[in-house]
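# Breakdown of the fold
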Amino acid sequence: MKKNNSINNYIKIKDKLYNANIKNLLDTNQMDTELFNSLTNKDLLSDENKIKLAMLFAKQDIETSEILLNELYDYRFSKEIRIIKRTILGQKIYDELNEKQKRVYLLAIKYGRQFLNESDFESAYDIFSLGKAKTKHPVFNYYIGKTLYKQGRYKSAKYYLTKYREFGGEKTMKTLLYLGAIAEKRGNYKETIKLYDRANQLEEALGNSNHYVIKYNMPRGYQKIKK
């Protein structure tokens, strides 16, 4: 009996250390497909780490991501699983573009971001709109919404951000932050808290070391609002 207890304790410790090691690799962004295949024994992965790995591989190794998703049966992660599946779908939509469309996609993302950094919002809007028109890729709804938000055009921004949220891909967490910020500017603090907290929860479940830290900028009474 004592020997069996020792074995069981060893298994528990090994499982704990293994999952801690996987989390460390995720947090330092050093996990890649080759490392995963050489080091991992999926039987020892916690569901929490399978979720993180599935999200990590959703664009770089769809097959591995889908294998991990098929091993998840925990209803607690239904929303996270949907985001991962939609991230995979976004990658598949990109993969099915022809070469000319892929070039438009990549250039629109590259230069659109550059224009945003330079606060040239009109040019950013134009190039993101062109990217959407030429590729039909849903990610451009996010980028157009982000651009409109930075222009202070909150009603239009909400429209495009909501469209992207309905798709639900990799930009979902950031989309929730922008929608939360719009709600905050309109004084809808109850909705703001709901959106910010949801973004934090999803990033905690799906992300790595770059968790969003949301600090509410609201009247003191907001703490009394029921979530």
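Structure: above.
Summarised in this report is the structure supplied together with it. (Residues numbered from 1 in each chain as written. Predicted model: local features only at pLDDT ≥ 70, side-chain atom pairs only at ≥ 80, totals over all residues. Heavy atoms only, no water.)

This paragraph deals with the overall build of the chain. Helix and strand content of the chain: 11 helices and 0 strands. Listed N to C, the secondary structure of the chain is α-α-α-α-α-α-α-α-α-α-α in terms of helices and strands. A burial count over the chain gives 42% of its 227 residues as buried. Restricting to contacts in the chain with at least 6 residues of sequence separation, those with at least 24 account for 57%. In the structure as shown, the chain presents an accessible area of about 13700 Å², 49% of it carried by carbon and sulfur atoms. (Helix = DSSP H or I, 4+ residues; strand = E, 2+ residues; numbered from the N terminus. Buried < 20%, exposed > 50% of the residue type's maximum accessible area, 1.4 Å probe, protein only. Contact = heavy atoms within 4.5 Å. Areas by Shrake-Rupley, 256 points an atom, 1.4 Å probe, with all protein chains shown as cover.)

Over its 14 residues, helix α9 (residues 154-167) extends 20 Å from the first C-alpha to the last, a length consistent with the 20 Å expected when each residue adds 1.5 Å. Those residues of α9 that sit buried are A157, Y160, L161, Y164 and F167. Buried residues along α9 cover an arc of 100° about the axis, so they all sit on one side. In α9, the exposed residues that point more than 90 degrees away from the buried face are K155 and E166. Buried residues in α9 make contact with α5 (78-95), α7 (121-135), α8 (139-150) and α10 (172-185). The positive-phi residue at the C-terminal boundary of α9 is G168, with phi of around 80°. (Expected span 1.5 Å × (residues − 1). Arc of directions from axis to C-beta.)

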